[in-house]
Every structure is written in structure tokens, then in C-alpha cells.
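Here's the letter readout for the chains.
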Amino acid sequence: MAKTNPGRFFEDYSIGQVIEHAVPRTVSGGERALYHALYPARHALYSSDEFARACGLPASPLDDLAAFHVVFGKTVPDVSLNAVANLGYAEGRWLKPVYAGDTLRSSSEVIGLKQNSNGKTGVVYVRTTGTNQNGETVMEYCRWVMVRKKDLDAPAPETVMPELKSVLAPEDLVIPEGLDFSAYDFTLAGEPHRWGDYEPGETIDHVDGVTIEEAEHMMATRLWQNTAKVHFDATFRPDGQRLIYGGHVISMARALSFNGLANAQMIVGLNGGAHANPCFSGDTVKAWTEVLDKADTPAPGVGAIRLRLVATKGGEPFALRGEDGKYLPEVLLDLDYWALMPQ
């Protein structure tokens, strides 16, 4: 009997299948320190306990995307170990802040399957839930992954395409208990721009860029316990290159967006996302944002802002698609999310 885990292939999934992912993880201040070392992350709510307490929280939470990476990383051995690519996200919600000392675990339900026309791969849709040590759901999201088939003669499953929301409504967003921006300190946060200073249709060039380093990418991927072969094994791809983990690009772009969106403090909703083109070591990531929408929330002084964050590896800012409607080759990431900002 084989003792090693070869990972699931496309024919191993079935609709309604629930996978409880192994290795719960207790997070600490170490995750925050490493996250801030890997990315130029400077949002005040995730940097200072005192700033967070002044905003009504008991302490500074773990960065929203760091918590996402921990939950995501648990799923990789069961969902995307044999993936060709992670294709997209939808219906992501951060439901409860994660604090040092919390223990996170993940489970996923298969909600969609579609074999590709080449018969060699298929797309698997899952809804992943992250819970803490008290059984409370801290986040949930859907993603879809292109996965290899092991047996090319295995029959194609019935195609099931899940109905996913293209955009989360403001009432779908969960505001952390106690969050209060009515006495928000803009000086300590780093920028004076508040919710009312942004308008739908506005675009922001975040100016700065960061060149992706092989060592830092590998450290990040190990930190989140992401074991996908495309990120580690240079022989796994025909071009002999290790693919940069898409979450690494997301976090880098989010950190770069601080310059112009320093007060977009917390991500609470993920409407959609696409890894448009692969990223490799040596690429220089830049970012720009388009403001898509705004909404009030019931929390004092807290507004919600919907943003499209685009990461690129060159080219002019604000260019997204070509005349054929496809993403331009320099576009790495197209992410649509809701964040919380002081009014």
C-alpha cells in the first residue's frame, strides 16, 4: 500500500464531496513579522495594537491576506497539488478577524466540475471555509482550478457549473464587531484621504514597483505551507521555471496599493479575481486601482469601497485588455474586492 500522497487528479473529484484539510495551524506574531518582511505592508490597523484599539478592536489582527494564505495553504495538497493553474475566485468574505493565538483549519466542498475539450485536464470548483479553534468561520471563498487527469481514458463527469455572484452586495459584508472609525487618526495612518475623497471611475497609479525575488517567493510559499508542484519543482513545467504563487502577487499588489489607498484598511469581500498571466522570478510588479463603487455601513465612521486592483509586469497603467477582449500579456492580476475605509 502506497504511503505517499500523489494528490488528487481531476477524475478523483465528485460534486458534493467535502474534504477536511490536514494540519491546523496556530498563528502568532511571527506570521505578521514575516508577512511584513516579505511585502511592503504598512496598513496601520495591521501594524499597531494601539491603533487597532483606538479603532475599537481588542488588538491588531493578522493581516487579512495573511489569514487568507494560511487557510488557502491547507487546501493545496487536496485541491491543487496537480494543478496547471489557479484560475479565479468569487464570493470571498472575511467574517471574523484572526488574532495571534488563533488556530486555523480549512475544509472544502466540490461545487463544480468541467472537463476541458483536450481531455487531459478539467476545472474543479470548490468552496473553502476557514474556521478557528472555537469552530467559528473566519472566512469563506470559492475558487476554481485547472487540474490534470491521471487516466486520460477516465470518463468525463457530468458538467456542473456553479452559480456564483459576480459581486457581493454591501449587505453581504461582515463588519468586525466593535470597529469604529469615528476617532480615526489620519496622521498615524499615513494619508489624509477618506472615503468621501474617492469616486467611482477614479483610477490611481500606485507608482512603486517591486522585483520578485526567487528566495522571497520560496520563503512565502513555504510559510503558507503551499505544496503545489508548479511553485517548487522546476522540472514540472516545460519551460523549467517555477511559477510564482498567485497569492504572492496578490499580497504584493495590495501592499503597493498603500500609496494612494493607505486608509483602505481591511479587506472584507472578494468579488472576483483572475491570475491573467503567469509571474516568474525577476518580474517587476507594479499596481493600479480603479474605484468601482462605494457604500455606507452600519459601523460608526466606516464606509465600504469597492476596488479593482490590477498588478502588471510592465506597460502603461490603466491598460487592462486588448482589442480582442483578452488580458494584455503584461497583466498579472485582476482583483475585485471590498475594503473598509474611514468616512
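Higher on the page you've got the structure.
Let us look at the structure shown here. (Residues numbered from 1 in each chain as written. Predicted model: local features only at pLDDT ≥ 70, side-chain atom pairs only at ≥ 80, totals over all residues. Heavy atoms only, no water.)

### A look at the packing of aromatic side chains
Considering all chains together, one arrives at 13 aromatic pairs under this definition. Summarising the aromatic geometry, the rings of phenylalanine 68 and phenylalanine 72 are spaced 5.7 Å apart at their centres and angled 45° between planes, so their arrangement reads as tilted. Highlighted residues: phenylalanine 68 and phenylalanine 72, both in helix α3 (residues 64-79), separated by four residues, approximately one helical turn. Where phenylalanine 68 meets tyrosine 89, the ring centres are 6.0 Å apart and the plane angle is 70°; that geometry is what we call edge-to-face. Of this pair, phenylalanine 68 sits in helix α3 while tyrosine 89 is found in strand β3 (residues 83-94), placing the two residues 21 residues apart along the sequence. (Phe/Tyr/Trp six-rings, centres within 6.5 Å; stacked < 30°, edge-to-face > 60°. Helix = DSSP H or I, 4+ residues; strand = E, 2+ residues; numbered from the N terminus.)

### Brief notes about the side chain of aspartate 64
One can find aspartate 64 in helix α3. One buried charge, aspartate 64, has no salt-bridge partner; the nearest side chain with opposite charge is arginine 254, at 4.0 Å. (Buried < 20%, exposed > 50% of the residue type's maximum accessible area, 1.4 Å probe, protein only. Lys, Arg positive; Asp, Glu negative; His and termini not counted. Salt bridge = Lys/Arg side-chain N within 4 Å of Asp/Glu carboxyl O.)

### A look at the pairing of strand β6 (residues 137-148)
Pairing geometry for β3 and β6, over eight bridges, is antiparallel. Across the sheet, the residue bridging to tryptophan 94 is methionine 139, located in β6. Counting the residues in the hairpin turn of strand β5 (residues 121-131) and β6 gives five residues, including glycine 135, whose phi is positive at 80°. (Pairing = 2+ DSSP bridges.)

### A few points about unusual backbone geometry
Backbone phi values are negative for most residues with the exception of glycine, while trans is the configuration of most peptide bonds. Unlike most non-glycine residues, glutamate 91 shows phi in positive territory, near 50°. Note that glutamate 91 resides in strand β3. Positioned with a positive phi, phenylalanine 318 is a non-glycine residue whose angle comes to about 75°. One can find phenylalanine 318 in the loop between β10 (302-312) and β11 (331-342). Under the relative-accessibility criterion, phenylalanine 318 is labelled partly exposed at 38%.

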